[in-house]
Amino acid sequence: MISRQLAISAAVLAVAALCMGLFVWHMRGRGTQTEYSAADSRPVTPPAAGPTEPVTLYLADDATGSIRPLETRIALPEGRQQRAEELLRALMIQYLGKDSTHSLGAGSEVRDVYLVDPGLVVIDFNQAFADSHQSGILVEELTVLSLVKTLSANIPGILQVKILVNGAERETLAGHADLADNYDVAAVDKLVAQMGESQGR
Amino acid sequence: MRWSNSRYYGFIFAASLVVIGVAGFTVFESFAAGPSVPPKQLTIYSTVANYSLPVAEYHGTDYVGLLELLEPLGTVNATVKGKQWNLRFNNAQAVFVQNSATAVVAGQSVRLNAPFALQNGRGAVSLNSLAALLPHFFNRQITWSPGSRRLIIGSVAVHFTAQIVRNNPPTLVMQFTSPVNPQVSTEPGRLLLKFTHEAVVAPGTTVLTFGNKDISSASYSETDGTAALTIAGKVPLFAAFSNNGSTITVEPSAQAAIQMQAQAAQKMNPAAPGSPALNTGSEPAAVPTGAQSYFVVIDAAHGGQERGAALSGQLGEKEITLAIARRLRQELQDRGITSFMLRDGDATLTLDQRAVMTNHIHPAMYICIHASSAGSGVGLYTSLLPPLENNRGPFMSWSTAQAAFLPASQSLENALASALQQSHISVRELSAPVRPLNNLAVPGVAVEVAPSTPGVTADLAYPTYQELIASSLAVGIAEMRGHAPQGTP
């Protein structure tokens, strides 16, 4: 025979389940409304602290349609992977600034960077990076070249770069630049040089 | 107090049911929140505006808000007085009463199909009441299609005729009473034209038969506010638009047309040497080199659900690319050069589909048109792949198919740049990681057209600017005619 205490426990559990069900149902509606704030362009992860090192960031310039080097100093950690993350974050800060020569959408951010030997870097951006990116062959190409060139110029041994968005493969950045294939560093170096030449013509 | 066994078991059973019910409901709701069934809608076509409204179900009957229906069509005003809803539309005064199936419009009593509904000061009538109700508001013909929920007010219906004008290859010409811009999609055994913006109406019979074995019939249907024409064919079919969109010509694809002509030639002279082999299904078709020595594929980038760059609030990249592509086709035709557009309407094509279609018909070259509001002039792009001369075995890598054709693509890029410069258009030649260039087994160039003056996006929509770009590209393509494409396998 089932004791009275057991029956009361079952009743309490049933009421608790009912309350939790209603709570989850209520929160489900709220959860779908939680999105990134498009107006907040600040990087979420704070920059690394410590002594600074000289680096060269390769910045895209929409007006001239070219990539130009920018010598600067940033604090870099020891590990290659962490260095790659900091370099990209420094680049994103440049692009999210008011006087940027190549604008990225507000809220664009690097989620993760993975180094896969031999020589492959996988960059994972957040959804805002791709969804708010300006659409066009040249403008998308400049973004990709800037990322690849900045990494390869500052971290030795990088041969290819793969770009993910929100942890997943994506066909194009914003309708044009191919994100399905890896970017070959040698081809990018050649193209950046070609851009400088054709811009000077 | 002591509980009996049956009371205990009953209580436990009820409690279990509650727990299971709550858990099931929560899980169901969580999953149901994802993909949802598209809501029903009413589509209205009129001389003033074409628009769609959501349909609400009330006691098993479809209702639509009367205020929302009339607002785009004139001056409308409504007031509530108890259960009475007074509506004024232009000069017509109407009185509706909540839960009553009778209304008074312009002094005349109108019998509604279902009772009038009034909620939060907004009145709604059943869809099937519209045919009886609306003629009292408008002095125009009202056509109501209950099955597809399409309402046509006034003489805006688009009629069409369809007939086969040629037999080999068969050509189906459809004439519409006003310009149309349907979504075009090709599926095995049929071509589908979906009219979402035009009040296309059924011909005398919903199925038109043509007595041709390759293009056998066209069926008209209406569903959820749209009209569709399904053209049945034994061969892959493509649609081309002309006469400002009032004429749609449906023909077999270039490859199918060549095969049909070859079949006809073989019938007339079975022993003719050099007749092209036909695609029997077991072996790839041998494409006659002489029959299409200079044949250009034009690809208007984006289309359908993929709008491309938002050049302005109203102007999408897909519209500009299509307009320039059509002009380029005309310019090439004027120079005696055959071309084929991968999309000639608002069709959605994936990048892979574009590459597959191009590689399948083996053109002399592929030109892809893009548009951008950034910068100025024209950017010409070839694939960002290193040249690879040895990629010519029986199988090619999909991701590097273009490598062997890169020298020919660069020659084409140079010819186009030269022609554009002669027209005083600023040009930039680059490589770019833009698909489907990497997947093409023919020489290919992507053309990105920017405004003539930096920042003046409206330039892109000017016919004179589009014409200048198109004619310059055509000159460059014509220049290449004398040089055999190096990449043709």
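The model shown is predicted, which means the values in this text are computed figures rather than measured ones. (Residues numbered from 1 in each chain as written. Chains lettered and ligands numbered in written order. Predicted model: local features only at pLDDT ≥ 70, side-chain atom pairs only at ≥ 80, totals over all residues.)

**Re the pairing of strand S5 (residues 76-81) of chain B**
How we decide: Any residue whose C-beta has 12 or fewer other C-beta atoms within 10 Å is treated as exposed, any with 20 or more as buried, and any in between as partly exposed, C-beta atoms being built from the backbone. Secondary structure elements are taken from DSSP: a helix is a run of H or I of four residues or more, a strand is a run of E of two residues or more, and numbering for both begins at the N terminus. Strands qualify as paired when DSSP identifies two bridges or more between them.
Counting buried positions over the six residues of S5(B) gives zero, only a small fraction of the element. In this antiparallel pair of consecutive strands, S5(B) and strand S6 (residues 84-89) of chain B, the connection spans two residues, and Gly82(B) shows a positive phi of 65 degrees.

**Some points on helix H7 (residues 406-422) of chain B**
For an α-helix, the turn length of 3.6 residues means that residues three or four places apart are oriented alike. Residue and element names in this part refer to chain B. Just so we agree on the cut-off: Expected helix span is computed as 1.5 Å times (number of residues minus one).
In a regular helix each residue adds 1.5 Å, so 17 residues correspond to 24 Å; H7 covers 24 Å between its end C-alpha atoms and thus fits that length. Those residues of H7 that fall on the buried side of the exposure criterion are Leu 406, Ala 408, Ser 409, Leu 412, Glu 413, Ala 415, Leu 416, Ala 419 and Leu 420. One or two residues past the end of H7 sits His 424, with phi positive at roughly 60 degrees.

**Overview of the packing of H7(B) against helix H8 (residues 463-479) of chain B**
Residue and element names in this part refer to chain B. Convention followed: Lines fitted to C-alpha atoms define the axes, with helix axes restricted to the stretch in contact, and inter-axis angles between N-to-C directions lie between 0 and 180 degrees. We call two directions roughly parallel when the angle between them is under 35 degrees, roughly antiparallel when it is over 145, roughly perpendicular when it lies between 65 and 115, and oblique otherwise. By definition, any crossing whose near helix is turned counterclockwise from its far helix by less than a right angle is left-handed, and any crossing with a clockwise turn is right-handed. Residues are defined as contacting one another if the C-beta atoms placed from their backbone atoms lie within 7 Å. Gly counts as polar in this scheme, as do all residues outside two lists: the nonpolar Ala, Val, Leu, Ile, Met, Phe, Trp, Tyr, Cys and Pro, and the charged Asp, Glu, Lys and Arg.
The geometry of H7 relative to H8 is characterised by a closest axis approach of 8 Å and an angle of 135 degrees between their N-to-C directions. When the interaxial angle is binned, H7 and H8 end up oblique. In the packing of H7 onto H8, the handedness of the crossing is right-handed. Between H7 and H8, the contacting residues are Ala 415, Leu 416, Ser 418, Ala 419 and Leu 420 on the first element and Ser 472, Leu 473, Val 475, Gly 476 and Glu 479 on the second. Tallied by class, the residues present in the contact of H7 with H8 amount to six nonpolar, three polar and one charged.

**Thoughts on the packing of helix H2 (residues 80-96) of chain A against helix H4 (residues 137-154) of chain A**
Residue and element names in this part refer to chain A. Where H2 meets H4, the closest approach of the two axes is 10 Å, and the angle between their N-to-C directions is 135 degrees. In this view, H2 runs oblique relative to H4, as classed from their interaxial angle. Remark: the crossing between H2 and H4 carries right-handed chirality. Of the residues in H4, those touching H2 at Ala 84, Leu 87, Leu 88 and Leu 91 are Ser 146, Leu 147, Thr 150, Leu 151 and Asn 154. Of the residues assigned to the contact of H2 with H4, the class counts are six nonpolar, three polar and no charged.

**Some details on the sheet that holds strand S3 (residues 110-116) of chain A**
Residue and element names in this part refer to chain A. Spatially, four strands are ordered S3-S4-S5-S6 in an open sheet, and the strand pairing comes out mixed. Across the chains shown, the open sheet's two edge strands, defined by having one partner strand only, are S3 and strand S6 (183-184). Looking at chain direction, S3 and strand S4 (residues 120-125) are connected through six bridges and run antiparallel. Considered in S4, the bridge of Leu 115 is made with Val 121. This element, H2, spans S3 and S4 of the sheet and lies at about 140 degrees to S3.

**A few points about the environment of Arg68(A)**
Residue and element names in this part refer to chain A. Tracing the sequence through the fold places Arg 68 in strand S2 (residues 66-75). Take Arg 68: there are 16 C-beta atoms within 10 Å of it, and that puts it in the partly exposed class. Distance in space between the C-alpha atoms of Arg 68 and Met 195 is 10.0 Å, their sequence separation being 127 residues. Excluding residues within four positions of it along the chain, Arg 68 makes contact with Leu 59 and Asp 61.

Structural measurements only, silent on function.
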